[in-house]
Amino acid sequence: MRKKPTVFTYVLCAALVGCVIGVFILAPKTVEAYRGYVTERDATPTPTALTASVLQVTEDPNNTPAPTAMYLRVGSTGDEVKRLQTRLKELGFYAGDVDGQYGQGTAAAVKLFQSQHGLTADGLAGTETLGDLYSDAAQTYIPTPTPSPTPSLLSKGDKGDAVRALQQRLKDLGYYTGNVDGDFGGATQEAVRLFQSQNSMDVDGISGGATLTAIFASDAPSVAITPTPDPSTLPLLVNKDHPVAEGYQAQDLVVLRNVLPASLVYVKGSDIQGNREAAAALQEMFEAAKADGITGWQISAGYRSYAYQQQLFDDQVAAFVSQGKSKTAAISATRLTIADPGTSEHHTGLAFDITVADTIFKGTKQQIWMNKNCWDYGFIIRYPEGKEKITGYVAECWHIRYVGVQHSTVMRDHDWCLEEYIEAMTKQ
Ligand SMILES: [Zn+2]
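Treat the numbers as computed from the prediction; the structure is a model and nothing was measured.

Take the overall build of the chain next. From N to C terminus, the chain includes 16 helices and nine strands. Relative to its full complement of 428 residues, the chain shows a buried share of 41%. Within the chain, counting contacts between residues at least 6 apart in sequence, those at least 24 apart form 59% of the total. Surface exposure of the chain reaches about 23,400 Å², of which carbon and sulfur atoms provide 56%.

As structure tokens, then:
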């Protein structure tokens, strides 16, 4: 009977001592933290004036009251957005239409305004940003100076703030439609080329010297027209309705293992071939992926001859027949995943099946990376999800097709599959 209370008392005492020690150790820290908080709070400027100016705007009876207009962002619409665009335009940050649609262009202008005014450049127009924007102290746009002194030359593969500034500038001028991500990829190169060709400069896609100066010049011209690709330069369409002729021969084939470093990608078959230009684009793409920490790629298919496709097709039909399907049913089932000879893109040497060894490709970090980035290297996801009715194929996240960046980036930006793209480009 006496043991229990003793133990209990001991535990209680220990707990109490612990608490007291805890208070002595923690209390000063808490007080310190609180002091820090108070200091920080006092140092942060009270945003009264800014809030007031926004509220005034909102309360204006001549305008539709917009009670939630304290926070404008991509997707916002209406008069508050129009007012924002007008003001940004007035100050020289925005060159687009005053249409009341808060799109990427408006967000980019807001970001420019924010970074020039020492605000977090997040493209969201909140109380603070709107307050500064409508205040008399708002500055007019000062064009980003040439990113100097070091990067006097920017070209494909470069990364960093100088590239970001270049992309933003090209975007402001309408030459670039991709992400301002500080990564000089194929799309950025195309934008530089477009700028050069429209401004009578040597077209090399490299931003250096005269090109860089011209891009950042205060009177740099905006993009003239969205150039329509010459129909004869459109990518070759190969599908069920557009088969290649039986004697078709793919051009400029190379054995992939001979040209692609094994350290970058594993080519599953020693005889897998591909078009030389497309293979070079593959290498660039895998190098970029590696730089992003994504490795472990495998190429499991490339060029296929007519005869090989015929065999592939016949083998699958035979497999279905052996499972009990009728010949007709087997052919129909085969057609869902294997192209009829002549109708496979693999005949062109421009299509590749990219995988990860011994894994279902879909959902891997490689697949996610490729889905997002292949466009910058001239590839398209040829059979995307949601386009099955148009392409005639079940979605294939592993099958990419080389078309060149001038086409791939447009397809990405419009969410067009190849059939849609060619239709759009040949319609006019
Ligand atoms: Zn394929």
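From this point, things continue past the structure.
A separate point is the coordination of the zinc ion. Six octahedral donors at a metal ideally form angles of 90 or 180 degrees, and four tetrahedral donors ideally form angles of 109.5 degrees. Taken together, the protein ligands of the zinc ion are His-346 (NE2), Asp-353 (OD) and His-399 (ND1), with distances of 2.1 Å. Each donor residue of the zinc ion belongs to the same chain, with the gaps between them written as H-x6-D-x45-H. Classification of His-346 as buried rests on a relative accessible area of 4%.

Quick look at the packing of aromatic side chains now. According to the stated counting rule, one finds ten aromatic pairs in the structure shown. With centroids separated by 4.6 Å and ring planes inclined at 40°, the aromatic side chains of Tyr-383 and Tyr-393 adopt a geometry described as tilted. With a gap of ten residues between them, Tyr-383 in strand β8 (residues 379-383) and Tyr-393 in the loop between α14 (388-391) and β9 (396-402) connect regions that are remote in the sequence. Look at Tyr-383 and you get buried, because its relative accessible area is 5%. Here Tyr-393 falls in the buried class, since its relative accessible area comes to 4%. Arranged with centres 6.2 Å apart and planes meeting at 45°, the rings of Trp-416 and Tyr-421 form a pair that is tilted.

All right, on to the environment of Gln-85 then. For Gln-85, the position within the fold is in helix α3 (residues 79-90). The class for Gln-85 is buried, based on a relative accessible area of 0%. C-alpha separation for the pair Gln-85 and Asp-99, spaced 14 residues apart in sequence, amounts to 8.1 Å. With sequence-adjacent residues up to four places away left out, Gln-85 is seen in contact with Tyr-94, Asp-97, Val-98, Asp-99, Gly-100, Gln-101 and Thr-106. In this structure the side chain of Gln-85 is engaged in a polar contact, spanning 3.0 Å, whose partner is the backbone nitrogen of Asp-99.

In this model, the largest pocket occupies a volume close to 1,300 Å³. Along the walls of the largest pocket sit 40 residues, with Ala-108, Leu-112, Gln-168, Lys-171 and Asp-172 positioned nearest its centre. Within the residue set of the lining of the largest pocket, elements represented by two or more residues are α4 (104-116) and α6 (161-172). Element by element, the count of residues in the lining of the largest pocket is highest for α4, at nine residues.

Attention now goes to the sheet that holds β8. If you trace the five strands from one edge of the open sheet to the other, you get β4-β6-β7-β9-β8, paired in mixed fashion. Of all the strands in the sheet, just β4 (265-267) and β8 have a single pairing partner and so form its edges. Going across the sheet, the axis of each strand differs from the next one's by a mean of 40°, ignoring polarity. Pairing geometry for β8 and β9, over four bridges, is antiparallel. Bridge pairing links Tyr-383 to Glu-396 in β9. Against the sheet, helix α13 (residues 365-373) touches β6 (297-301), β7 (351-355), β8 and β9, its axis set at about 40° to β9.

Definitions and limits used
- Residues numbered from 1 in each chain as written.
- Predicted model: local features only at pLDDT ≥ 70, side-chain atom pairs only at ≥ 80, totals over all residues.
- Heavy atoms only, no water.
- Helix = DSSP H or I, 4+ residues; strand = E, 2+ residues; numbered from the N terminus.
- Buried < 20%, exposed > 50% of the residue type's maximum accessible area, 1.4 Å probe, protein only.
- Contact = heavy atoms within 4.5 Å.
- Areas by Shrake-Rupley, 256 points an atom, 1.4 Å probe, with all protein chains shown as cover.
- Donors = N, O, S within 2.8 Å, 3.2 Å for Na, K, Ca; no water.
- Phe/Tyr/Trp six-rings, centres within 6.5 Å; stacked < 30°, edge-to-face > 60°.
- Polar contact = N/O pair within 3.5 Å; in protein donor to acceptor, adjacent residues only side chain to side chain.
- 1 Å grid on protein atoms, 1.4 Å probe; cavity = no way out; pocket = protein on both sides within 12 Å on 5 of 7 lines; lining within 4 Å.
- Points joined across faces, edges and corners; volume = space filled by probe spheres on them.
- Pairing = 2+ DSSP bridges.
- Axes fitted to C-alpha atoms, helices over the stretch in contact; angles between N-to-C directions.

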